[in-house]
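# Structure at a glance
Residues per chain are reported as follows:
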Amino acid sequence: MNLLVNDWIPVTHQGRFRHISLKDLLCKNEDWQISLNRDDMELAALQLVICLVQVVFMPDDGKELRRRMETPLTEDEFETGIAKFPDMFVLDHPEHPFMQTRGVEAKEITSMQKLFIGLPEGNNHAFFNETGEVVWTCPSCTVIAIFNQANNCPSFGGGFKGTLRGAAPITTFAYGKTLRETIWLNILDETWVEQILPEPEQRQEKPVWVDPIQKDKTVYSHEIGLLRGLLWQPAHIEIIWAVEEKACNACGEISLVLASGFNKEKFSYELKGIWPHPHGPRAWTIEKGERKERFTSFRSMSPAWTQLNEFLIFHESEDSGQVPAAVISRFKDTFMQDNLSLIVGGYRTKQASVLQRRHDLISMSAGWAGKLATVEKFIGLALEFKELVRKKMYGFGKTVGVTGLAAKAEELFYQRSESLIHDRLHKMNWRESAVEFVNMYVELKAVCGAVFEEIAAPYQNDPKMITALVRSRKTFTGAMNKLKPSI
Ligand SMILES: [Zn+2]
């Protein structure tokens, strides 16, 4: 299967599932939606298409990019683009199969399930599926799973290297009105790419399955170019194919060729530096005189909006900084007047175990790009309220000898505030931000008040606790009043 030629992109069109080709997607103007039964695999499919388009059809400048967004590619333009990569993206190539290594030696075959993160193979039991659920996968699901494992998931375990972005990076994309628009919204033109990858050796390069990383070599991030970095494969794997007519266990489509497992072998190298991957935000701090930089992960159960500032706002001081994904920074600069629907996805992990699969869409009304200080203040205010109710319930719990109230308060706060925060960001009139700010203060105060009363309710009638409760309520109200914004 050649990813530039064959039908592999899983979509629904007018309620019907099918696989389409890259040519269909880029040369036609249809209302397709990427469609699989897991949102993380849908995001991986989208990201893989974006990576291919970025590499094969990179526009020279912003003007060309806009034209691409407005008008589908002609068939001639498409054929000219892919002609430069005749056999580079072929999943079953006899010598250099896409994101694999030929001749991998392994004592036993690993089941396909291992590539579908979170399924019970090894120590990932997060999503409560049964062992043996994914045995056969079609070429489309196989390539999406290989790509996702190599770029967005923890490594296979000890002795295996992980992604270029660390164990569980967050991916952020702008979401468009159509799939074709979504693709182009997340493509960087050459002027942007030259800014983030300025070294001349990053221009001419081959992917790791054509020009392999040498064993135990030190790889410097500034040597890694766009194609190699976007389609990085840190592991040595080789898919085993079977010619049989069966339904794919992941998407349900009948396929004549299916993957039945894969071989993997340990392989090590050392990566020095951070490759500025354009699809995710990252942050840095100075620790003991050294700059420590890492891609942002989901740190807790808290919803994605709590990290919105990191996703959108560039910030740098002497000892710390945060850098949004380049595709989001480009969107901000290019579409200053537009609204943004931000796709946020990733996994929350603890070492190699996946605890949670995360996928959110955050809508920001038009005008946000010129009001980043206000965005920052909004998110800051909501987080201050959360901290206030959490701390207050912690203190109350200590006084009355009950544990776990702070965590309960935090969880309830997130549940109750989630829709109002999303609603406000979605409908916000950024020109009237002072009024909006006051309205949000009132709403959050009501949420926090309700959370306090709900958690305190079981102790209302206990004479031993009533004094502590009255005192807590009073200081809590006082502290909330102090957060009140002035116009
Ligand atoms: Zn499938």
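Before reading on, note that the structure itself is shown above.
First things first, this report covers the structure right here in the doc. Because the structure is a prediction, the values reported are computed rather than measured.

## Structural notes on the overall build of the protein
Helix and strand counts for the protein stand at 14 helices and 14 strands. Taken over the C-alpha trace, the protein has a radius of gyration of 25 Å; the compact-globule value for 487 residues is 23 Å, and the two agree within 12%. For the protein, the C-alpha atoms occupy an extent of roughly 80 × 55 × 50 Å along the three principal directions. Here the protein holds 487 residues, and the buried ones make up 54% of them.

## Section: the pattern of salt bridges
Counted according to the given criterion, the structure contains 25 salt bridges. One salt bridge in this structure joins Lys-272 and Glu-270, with 3.2 Å as the shortest N-O distance. Residue classification places Lys-272 among the partly exposed residues on the basis of a relative accessible area of 38%. Among the charged side chains, a network of salt bridges with common partners joins Arg-38, Asp-39, Asp-40 and Arg-357.

## A few points about the sheet that holds strand 1 (residues 9-13)
The antiparallel open sheet is built from three strands, whose spatial order is 2-1-3. Bordering the open sheet on either side are strand 2 (16-20) and strand 3 (33-34), each of which pairs with just one other strand.

## Structural notes on the sheet that holds strand 14 (residues 353-364)
Pairing is antiparallel in the open sheet, where three strands are placed in the order 4-13-14. Of all strands in the sheet, those with a lone pairing partner are strand 4 (171-174) and strand 14, marking the two edges. Within this sheet the neighbouring strands show an average axis-to-axis angle of 10 degrees, counted without direction. Bridge count for strand 13 (residues 340-350) against strand 14 is 11 bridges, and the pairing is antiparallel. Considered in strand 14, the bridge of Arg-348 is made with Gln-356. In this fold helix 2 (residues 39-56) packs onto strand 4, strand 13 and strand 14, with an angle of close to 65 degrees to the strand it touches most, strand 4.

## Quick look at helix 2
Because each turn of an α-helix spans 3.6 residues, side chains separated by three or four positions end up pointing in the same direction. Spanning 18 residues, helix 2 covers 26 Å between terminal C-alpha atoms, matching the ideal 26 Å at 1.5 Å per step. Of all the 18 residues making up helix 2, 16 are buried; the element is thus mostly covered by neighbouring parts of the structure.

## Remarks on helix 5 (residues 139-152)
The first and last C-alpha atoms of helix 5 sit 19 Å apart over 14 residues, in line with the 20 Å expected at 1.5 Å per residue. Across the 14 residues that make up helix 5, a large majority, 14, are buried.

## Comments concerning the side chain of Arg-358
For Arg-358, the location among the structural elements is in strand 14. Buried and unpaired, Arg-358 has Asp-360 as its nearest opposite-charge partner, separated by 4.4 Å. There is a polar contact of 3.2 Å between the side chain of Arg-358 and the backbone oxygen of Ser-300. When sequence neighbours within four positions are dropped, the list of residues in contact with Arg-358 reads Phe-298, Ser-300, Met-301, Ser-302, Pro-303, Ala-304, Val-344, Gly-345, Gly-346 and Arg-348.

## A word on the coordination of the zinc ion
For the zinc ion, the protein coordination sphere consists of Cys-138 (SG), Cys-141 (SG), Cys-248 (SG) and Cys-251 (SG), at 2.3 Å. Coordination at the zinc ion is tetrahedral: its four donor atoms span angles of 106 to 112 degrees at the metal. Here the donor residues for the zinc ion map to a single chain with the spacing C-x2-C-x106-C-x2-C. Of this pair, Cys-138 sits in the loop between helix 4 (75-82) and helix 5 while Cys-251 is found in the loop between strand 6 (236-247) and strand 7 (254-265), placing the two residues 113 residues apart along the sequence. Of the residues examined, Cys-138 reaches a relative accessible area of 3% and is grouped as buried.

## A short note on the nonpolar core
Most often, soluble globular proteins have nonpolar side chains that are buried together. Within the largest apolar cluster, 148 residues are counted, with the highest numbers of intra-cluster contacts made by Phe-89, Leu-231 and Leu-312. With 13 residues, helix 2 is the single largest residue contributor to this core. Each of domain 1 (9-272) and domain 2 (382-482) gives at least three residues to this core. Sequence-distant contacts of Leu-312, that is, excluding residues within four places in its chain, are made with Pro-324, Ile-328, Lys-332, Leu-340, Leu-342, Met-364, Trp-368 and Val-375.

The rules behind the values
- Residues numbered from 1 in each chain as written.
- Predicted model: local features only at pLDDT ≥ 70, side-chain atom pairs only at ≥ 80, totals over all residues.
- Heavy atoms only, no water.
- Helix = DSSP H or I, 4+ residues; strand = E, 2+ residues; numbered from the N terminus.
- Rg over C-alpha atoms; globule rule 2.2 N^0.38 Å.
- Buried < 20%, exposed > 50% of the residue type's maximum accessible area, 1.4 Å probe, protein only.
- Salt bridge = Lys/Arg side-chain N within 4 Å of Asp/Glu carboxyl O.
- Pairing = 2+ DSSP bridges.
- Axes fitted to C-alpha atoms, helices over the stretch in contact; angles between N-to-C directions.
- Contact = heavy atoms within 4.5 Å.
- Expected span 1.5 Å × (residues − 1).
- Lys, Arg positive; Asp, Glu negative; His and termini not counted.
- Polar contact = N/O pair within 3.5 Å; in protein donor to acceptor, adjacent residues only side chain to side chain.
- Donors = N, O, S within 2.8 Å, 3.2 Å for Na, K, Ca; no water.
- Tetrahedral: all angles 85-135°; square planar, octahedral: opposite > 155°, others 65-115°.
- Core = buried A, V, L, I, M, F, W, Y, C linked by side-chain atoms within 4.5 Å.
- Domains from an automatic or database assignment.

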